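# Descriptive structure summary
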Amino acid sequence: LVTLGEQRADPARPGGPQLLANLGTLGSLSVAGPPEQVAATVRAMVYELGLGEHLSNAFVTTVGFTIGDAEQLDRVSRRSEEEALQLAREAVERQQRADHRLGPRELEVLVVRTEHTNLNAFLDLAGRRSGLALIVAGDVRSSRIGARFVLADDGTGRFPGIDVPL
């Protein structure tokens, strides 16, 4: 689970219920909108997942770029596209071999940008409950993406088709 925002009935009063995305169930999440809003949201997600050993049980890999000093966290690393693609294949294979009676497994989360040459290969691997989740910084309009989260200039966001203001 990772936080995407909080619902506010009254924008002047923070503290509404939080909206969480289950990346393991979605498989992939596109974060679209103004570049500075996308960068801030993805950065927050990476830090939350990287610090949430007991909550998310995830390992995060940024592909071809860094996010601040997040790589100093034990559960965050940076890899090239080819290295990340191999890591993705291994995560899916581990999940396929896992004994699911033992409970949830660690989730491998890759953070990529829409301009990555291997984006389609990453999307092919990151299926629902595959052991691999993909966060795409940028808009992906494809039936292969688990969900699209669209941000506005003011930082509010929504899932197209779901009327829950954040």
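Residues numbered from 1 in each chain as written. Predicted model: local features only at pLDDT ≥ 70, side-chain atom pairs only at ≥ 80, totals over all residues. Heavy atoms only, no water.

### What about the packing of aromatic side chains?
Inspection of every chain in the model, using the stated rule, returns 1 aromatic pair. Above the plane of the ring of Phe-59 lies Arg-75, whose end atom (NZ or CZ) is 4.2 Å from the centre. Note that Arg-113 overlies the ring of Phe-65, its terminal NZ or CZ placed 3.9 Å from the centroid. (Phe/Tyr/Trp six-rings, centres within 6.5 Å; stacked < 30°, edge-to-face > 60°. Lys NZ or Arg CZ within 6 Å of the ring centre and 35° of its normal.)

### Here we look at the pattern of salt bridges
Enumeration according to the criterion identifies 4 salt bridges in this entry. One salt bridge connects Asp-139 with Arg-148, and the closest N-O pair in it is separated by 2.8 Å. Using a relative accessible area of 33% as the deciding quantity, one classes Asp-139 as partly exposed. Judged by relative accessible area, which is 18%, Arg-148 ranks as buried. (Salt bridge = Lys/Arg side-chain N within 4 Å of Asp/Glu carboxyl O. Buried < 20%, exposed > 50% of the residue type's maximum accessible area, 1.4 Å probe, protein only.)

### So, helix α3 (residues 81-97)
Since the α-helix turns once every 3.6 residues, residues separated by three or four places project in the same direction. For α3, spanning 17 residues, the distance from its first C-alpha to its last is 24 Å, which sits close to the expected 24 Å at 1.5 Å a residue. Turning to α3, its buried residues are Glu-81, Ala-84, Leu-85, Leu-87, Ala-88, Ala-91, Val-92 and Gln-95. Down the axis, α3 shows its buried residues gathered within 160° of arc, on one side only. Pointing more than 90 degrees away from the buried face of α3 are the exposed residues Glu-82 and Arg-97. Where α3 is buried, its residues touch β4 (58-63), β5 (76-79), β6 (107-113), α4 (119-125) and β7 (132-137). (Helix = DSSP H or I, 4+ residues; strand = E, 2+ residues; numbered from the N terminus. Expected span 1.5 Å × (residues − 1). Arc of directions from axis to C-beta. Contact = heavy atoms within 4.5 Å.)

### Some words on the pairing of strand β8 (residues 147-151)
The buried fraction of β8 amounts to 5 of the 5 residues, a majority that puts the element mostly inside the structure. Here β8 shows no split at all, with Ala-147, Phe-149 and Leu-151 on one side and Arg-148 and Val-150 on the other all buried. Across 2 bridges, the pairing between β8 and strand β9 (residues 157-158) is antiparallel. Paired with Leu-151 across the strands is Gly-157, a residue of β9. Here β8 hands over to β9 after 5 residues, with Gly-155 in that stretch at a positive phi of 90°. (Pairing = 2+ DSSP bridges.)

### Looking at the environment of Gln-95
Following the sequence through the fold, Gln-95 ends up in helix α3. Each C-alpha atom, one on Gln-95 and one on Glu-106, is 9.0 Å from the other, the two residues being 11 residues apart in sequence.

### Remarks on the side chain of Ser-28
Tracing the chain through its elements places Ser-28 in strand β3 (residues 28-32). Taking the relative accessible area as the measure of exposure, Ser-28 reaches 1% and is therefore buried. In this structure the side chain of Ser-28 is engaged in a polar contact, spanning 2.8 Å, whose partner is the backbone nitrogen of Gly-146. (Polar contact = N/O pair within 3.5 Å; in protein donor to acceptor, adjacent residues only side chain to side chain.)

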